[in-house]
Amino acid sequence: MARENVSIPCGRISLEGILRVPDGARGPAPAGVICHPHPLFGGSMHNNVTEALADALSARGMATLLFNFRGTGRSGGFHGGGISELDDVTSALDFVSGLAEVDAARMLVAGYSFGCWVGLKAASQDPRPKVLIGVSPPLSMYDFGFLRKETRPKLLITGDMDFVCPSSSFLSLVDEIPEPKHGVVLSATDHFHMGRETELTDEVIRFLEEFPGWRPVQTE
């Protein structure tokens, strides 16, 4: 798996990212754009959840892009409260979809916490992502009503001890959004998923295996 530090054009600024593409893939690979938690609370692309997602997807032969939202790490600009960050996600999708190694018809967006809200909201306004994955949606902080009209495959995951995603609110949201969907509440798991990354990524892989276009890529 080739790993490369990349600079992602985003209007007048650029975003710092880490791109991984599969070696020896027979044809363009599916790809995942992964969005990190709140930068004002220490979130960045170097996070246990986002890195676990990237590792799991890469191990399945997918290209992955981790990137820092504006004002985080070496990314330009300033934090935009989740509004300007929508453009960051769109720019990340632009970047990935333009790669020869990527099948632009098989892209997904995955986000954790703040990145779940921004990533899925941006994806709801963009037809290119074909699968949406949200980890620990901060339902006590942001409105996820946009998912009630979302008909693409959706996986939402939280923990039963998540302080920003009460299980009752989570289950209500899952019940209200259209199929195809899957909601998972991990037991003995809080918002940070420390030590529970394998259980989390196992759920992601199981979900993707339900869709033929997202099964592992063959390599030479």
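These figures come from a predicted structure and were not determined experimentally.

### Topic: the overall build of the protein chain
Regarding its fold elements, the protein chain presents five helices and eight strands. The helix and strand sequence of the protein chain, counted from the amino end, reads β-β-β-α-β-α-β-α-β-β-α-β-α. For 220 residues, the compact-globule estimate of 2.2 N^0.38 gives 17 Å, and the C-alpha radius of gyration of the protein chain, at 16 Å, lies within 12% of that figure. Considered along the principal axes of its C-alpha atoms, the protein chain spans approximately 45 × 40 × 35 Å.

### Examining the packing of aromatic side chains
Aromatic ring pairs are defined here through the distance separating the ring centres and the angle between the ring planes. Scanning the model with the defined rule gives eight aromatic pairs in all. Aromatic pair Phe 69 and Phe 114: ring centres 5.7 Å apart, planes at 80°, arrangement edge-to-face. You can see Phe 69 sitting in the loop between strand 4 (63-67) and helix 2 (85-97) and its partner Phe 114 sitting in helix 3 (residues 114-124), a full 45 residues away along the chain. You'll find Phe 69 and Phe 114 in the same group, each marked buried. Ring pairs connect the aromatic residues Phe 67, Phe 69, Phe 114, Trp 117 and Tyr 142, which therefore count as one cluster.

### Here's the deal with the pairing of strand 7 (residues 154-161)
Within strand 7, six of the eight residues are buried, which leaves the element mostly enclosed by the surrounding structure. When strand 6 (residues 129-135) meets strand 7, the two strands line up parallel, connected through four bridges. When the bridges of strand 7 are listed, Leu 132 appears paired with Lys 154. Examined bridge by bridge, strand 7 and strand 8 (residues 181-190) share seven bridges and lie parallel to one another. Directly across from Ile 157, in strand 8, lies its bridge partner Val 184. Assessed by its sense of winding, the connection that carries the chain from strand 7 through helix 4 (residues 167-176) to strand 8 is right-handed.

Conventions adopted
- Residues numbered from 1 in each chain as written.
- Predicted model: local features only at pLDDT ≥ 70, side-chain atom pairs only at ≥ 80, totals over all residues.
- Heavy atoms only, no water.
- Helix = DSSP H or I, 4+ residues; strand = E, 2+ residues; numbered from the N terminus.
- Rg over C-alpha atoms; globule rule 2.2 N^0.38 Å.
- Phe/Tyr/Trp six-rings, centres within 6.5 Å; stacked < 30°, edge-to-face > 60°.
- Buried < 20%, exposed > 50% of the residue type's maximum accessible area, 1.4 Å probe, protein only.
- Pairing = 2+ DSSP bridges.
- Right-handed = clockwise from strand over helix to strand, strands pointing away.

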